[in-house]
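Structural overview
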Amino acid sequence: MIISSLKNNITPTQKHLNNIRLDGYANRINYASGIHDDIYLRILHLKDQSKNIVLASLELVGVNNLWQKSAERIANNSVITATHTHSAPRICHDYLMWGLQCNEYEIDYLNYINNTLSSVLMNQVASSHIVNNIFFYETEITSICRNRDNPRESSKVKAYIINDDNDIPFILYFPCHSTVLGFDNTYISGDLIGYVVSQLERESKNVVLPLIGAAGDISTRYTRVKQDFSEVERLGNQIIDLVNNRKRLINEIAVKEINYKTIDFLAKTRKNILINILNGINKSDIVRDYELNAIMNTLKVLPEKVSVKIGLLAFNKSLLFVFVPFEPTYDVQLLLNEHTHDKVVLLVGYSYDYLGYLTSQEESFTYENLMTFVYFNEIFNKIINLIRDI
């Protein structure tokens, strides 16, 4: 397998500042006022004798499907994913705009990302090297990232690191919300995962691709002591210590083949069910007013069916990444583990598009459930069938 990687700065230009809103918090009203740290597009190109696969990670809250379609016109086997930082510009999604329209500067930034992504994919100039073996490590991060709805929930949250022949990292799989910074922050930033990855890159002198796992209900809500940039560094340094010094080797894989497969389908939405739920419960016990407004505004424009893409990247059919256009909650990863115990399968959210949350707890009245716009069983069965077909 041949690996090549590069990164490109996608920080908004000066003309965008003070004219664009940052995405992720429905109650944020102020516009971007400055830049704390640059945000990046990172690309990892995987190639064997018969396949070319491109993974691209954006330091944004999610993916606009426009970018995925543009990428596929250039590189058919491509995955556009996002780190889900809440301190980057709006992605101007058709459905999930919280009832707000994008202004001309936000649309200009959307097109800037599209043009930058297309240009980078067409003119890739990056160092490449042959990788015969990959080292697959895990490290527990529950001391920093845990269930934000139930902090006493006992499941262990684990990050995974993939290193090359020289034991240099090139993928960091991180199932945790990068939301150390709060809604009152107005500075552009990659937040927690941006800091961690940038530090790992400085140490390794190599591009490290961040992939965000089943982070829908996993965050630093109960471990952070404040919501500012010093706290980003404090928690980030703890994660770096876990990654560097407390990781455990799970497997060394002699890469003989890589496979990539996708399915595209129309999924029926839970639009009417969710409207009935919201009309029949005491909403103030479940969600804040601004969250309720965001959900109701989304439901007004949500269609009866949405187009869904799910992808699967497999190393030797033993290490699999499943890319979905949702925010999967951690119970989905645990359920997937039960169905695929003979191999390692890791969910990657915020990929191809952004279609809300994905949780198996459809009967619970939580924010994550009310933001799950598709039927869980339909999506989960598609994932299982895709894994069986690889």
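Before going into details, it helps to say that this report is about the structure given with it. (Residues numbered from 1 in each chain as written. Predicted model: local features only at pLDDT ≥ 70, side-chain atom pairs only at ≥ 80, totals over all residues. Heavy atoms only, no water.)

1. Some details on the state of the cysteines
Within the structure shown, the criterion is met by two disulfides. Here Cys92 is linked by a disulfide to Cys102, with a sulfur-sulfur distance of 2.0 Å. Handedness here is read from the sign of the S-S torsion; for Cys92 and Cys102, about -105 degrees, the answer is left-handed. Linking Cys92 in the loop between strand 5 (78-82) and helix 2 (104-122) with Cys102 in the loop between strand 5 and helix 2, this pair joins segments that are ten residues apart in sequence. Two residues share a disulfide in this structure: Cys145 and Cys176, whose sulfurs sit 2.2 Å from each other. Residues Cys145 and Cys176 share a disulfide whose torsion about the S-S bond is about -85 degrees; that sign makes it left-handed. Separated by 31 residues along the polypeptide, Cys145 in the loop between strand 7 (133-140) and strand 8 (146-147) and Cys176 in the loop between strand 10 (169-174) and strand 11 (187-188) bring together distant segments of the chain. (Disulfide = S-S within 2.5 Å. Helix = DSSP H or I, 4+ residues; strand = E, 2+ residues; numbered from the N terminus.)

2. What to know about the packing of aromatic side chains
Overall, the coordinates contain seven aromatic pairs when judged by the stated rule. Between Tyr357 and Tyr367, the ring centres sit 5.7 Å apart and the planes meet at 80 degrees, which makes this aromatic pair edge-to-face. You can see Tyr357 sitting in strand 20 (residues 357-358) and its partner Tyr367 sitting in helix 8 (residues 367-370), a full ten residues away along the chain. Tyr357 sits in the buried class, given a relative accessible area of 3%. Connected via pairs of aromatic rings, a cluster forms that spans Phe136, Tyr160, Tyr173, Phe315 and Phe321. The ring of Tyr40 carries the charged tip of Lys7 above its face, separated from the ring centre by 4.3 Å. Geometry around Phe265 places Lys382 over its ring, the cationic atom sitting 4.7 Å from the centre. (Phe/Tyr/Trp six-rings, centres within 6.5 Å; stacked < 30°, edge-to-face > 60°. Buried < 20%, exposed > 50% of the residue type's maximum accessible area, 1.4 Å probe, protein only. Lys NZ or Arg CZ within 6 Å of the ring centre and 35° of its normal.)

3. Quick look at the pattern of salt bridges
In this structure the tally under the stated criterion is 15 salt bridges. The salt bridge partner of Lys15 is Asp108, with a shortest N-O separation of 3.2 Å. Of this pair, Lys15 sits in the loop between strand 1 (2-9) and strand 2 (34-35) while Asp108 sits in helix 2; the two residues are 93 residues apart in sequence, bridging distant segments of the chain. Judged by relative accessible area, Asp108 falls into the partly exposed class, the value being 29%. Where Lys309 meets Asp264, a salt bridge forms, and the shortest distance between an N and an O atom there is 3.1 Å. On the criterion of sequence distance, the pair formed by Lys309 in strand 16 (residues 305-315) and Asp264 in strand 15 (residues 258-268) is long-range, its members being 45 residues apart. Connected through shared salt-bridge partners, Lys7, Arg42, Glu59 and Glu201 make up one network. (Salt bridge = Lys/Arg side-chain N within 4 Å of Asp/Glu carboxyl O.)

4. Focus: the nonpolar core
Phe174 and Phe321 are the most contacted members of the largest nonpolar core, which has 132 residues in total. Ignoring sequence-local partners within four residues, the contact set of Phe321 consists of Ile162, Tyr173, Leu211, Gly311, Leu312, Leu313, Phe315, Leu346 and Val348. (Core = buried A, V, L, I, M, F, W, Y, C linked by side-chain atoms within 4.5 Å. Contact = heavy atoms within 4.5 Å.)

5. Re the sheet that holds strand 1
In space, the five strands of this open sheet follow the order 5-4-3-1-6, with mixed pairing throughout. Sheet topology places strand 5 and strand 6 (128-130) at the edges, where each strand pairs with a single neighbour. Ignoring which end each strand starts from, the neighbouring axes of this sheet average 15 degrees apart. Note: strand 3 (residues 40-47) against strand 4 (residues 52-58), seven bridges, orientation antiparallel. Across the sheet, the residue bridging to His45 is Val54, located in strand 4. Relative to the sheet, helix 1 (residues 65-74) contacts strand 4 and strand 5, its axis offset from that of strand 5 by approximately 155 degrees. (Pairing = 2+ DSSP bridges. Axes fitted to C-alpha atoms, helices over the stretch in contact; angles between N-to-C directions.)

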